[in-house]
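Report on the structure
Residues per chain, in single letters:
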Amino acid sequence: MSERASPSSRDSYKAFRTIGTRWMDNDIYGHMNNVVHYSLFDTAVNGWLIDAGVLDIHAGEQIGLVVETGCRYFSELAFPDMVTAGIRVAKLGSSSVRYEVGLFRNDDDLAAAEGFFVHVYVDRQTRRPKPLNDLLRDALAAISVES
């Protein structure tokens, strides 16, 4: 049997976004429903891309489509927690990116959950893969932990 993974600390991530939880994020068991974690991953990464000036959700010629995702849970999150999402790029391909996101509860140094998703960047109209443009590649390289 393999050993359970340990959560990463904040210093393992390169960029951060703070996101408030909502009352509706809690489930009947009194903690954040697992589907909300995925929403936080998506919100954190896309918010960072917008703030970095490399994603125009309304008129950009290139968009990222999620093709793979996963999550590990280490401890509970719940409303009214504040969540800090740590973001890093684990793999930067010609038209794809593997993002890794750690969700940190309030001021905790260890992640309550860690997930990943892979974006394949495509032409908005044709939905066919398209190489990352230079501006996007440079922004992603700045938060890359790839060796």
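Going by the structure above, here's the rest.
These notes cover the structure that comes with them. (Residues numbered from 1 in each chain as written. Predicted model: local features only at pLDDT ≥ 70, side-chain atom pairs only at ≥ 80, totals over all residues. Heavy atoms only, no water.)

**Some details on helix α2 (residues 134-142)**
The condition is simple: For each residue, the accessible area found with a 1.4 Å probe, counting protein chains only, is set against the maximum for its type, and the residue is called buried under 20%, exposed over 50%, and partly exposed in between. For the purposes of this entry, the term helix denotes a DSSP run of H or I that reaches at least four residues, the term strand denotes a run of E that reaches at least two, and both are numbered from the N terminus. To obtain the arc, one takes the directions from the helix axis to the C-beta atoms. Contacts are assigned to residue pairs with any non-hydrogen atoms lying within 4.5 Å of each other. Here a polar contact is recorded for every N or O atom pair within 3.5 Å, except that within protein the pair must consist of a potential hydrogen donor and a potential acceptor, and residues adjacent in sequence are included only if both atoms are side-chain atoms.
Within the sequence span of α2, burial applies to Leu136, Ala139 and Leu140. The arc that holds every buried residue of α2, seen down its axis, measures 95 degrees, which confines them to one face. Seen from the open side of α2, the exposed residues pointing more than 90 degrees away from its buried face are Asp134, Asp138 and Ala142. Of the surrounding secondary structure, the elements contacted by the buried residues of α2 are α1 (34-51), β2 (62-73), β3 (82-92), β4 (96-105) and β5 (113-123). Two or three places before Leu135, at the opening of α2, Asn133 has a side-chain oxygen 3.2 Å from that residue's backbone nitrogen.

**Side note on the sheet that holds strand β1 (residues 15-20)**
The criterion, for reference: Two strands pair under a simple rule: DSSP has to find at least two bridges between them. Angles shown run from 0 to 180 degrees and are taken between the N-to-C directions of axes, each axis being a line fitted to C-alpha atoms and, for helices, limited to the stretch in contact.
The five strands are arranged β1-β3-β4-β5-β2 in an open sheet whose pairing can be described as antiparallel. In this open sheet, the two edge strands, each paired with only one partner strand, are β1 and β2. Sheet twist, expressed as the mean angle between neighbouring strand axes with direction ignored, is 25 degrees. In terms of strand pairing, β1 meets β3 through six bridges, oriented antiparallel. The residue of β3 that forms the bridge with Phe16 is Gly86. Set on the sheet, α2 makes contact with β2, β3, β4 and β5; between it and β3 the angle comes to about 115 degrees.

**What to know about α1**
What counts is decided by this rule: Between the first and last residue of a helix there are one fewer steps than residues, each counted as 1.5 Å, and that sum is the expected span.
With 18 residues, α1 should reach 26 Å at 1.5 Å per residue; the first-to-last C-alpha distance of 26 Å fits that figure. When we look at burial in α1, the residues that qualify are Val36, His37, Leu40, Phe41, Ala44, Val45, Gly47, Trp48 and Leu49. Two to three positions downstream of the cap, the backbone nitrogen of Val35 sits 3.1 Å from a side-chain oxygen, assigning the N-cap of α1 to Asn33. Backbone geometry just downstream of α1 places Gly53 in the positive-phi region, at approximately 75 degrees.

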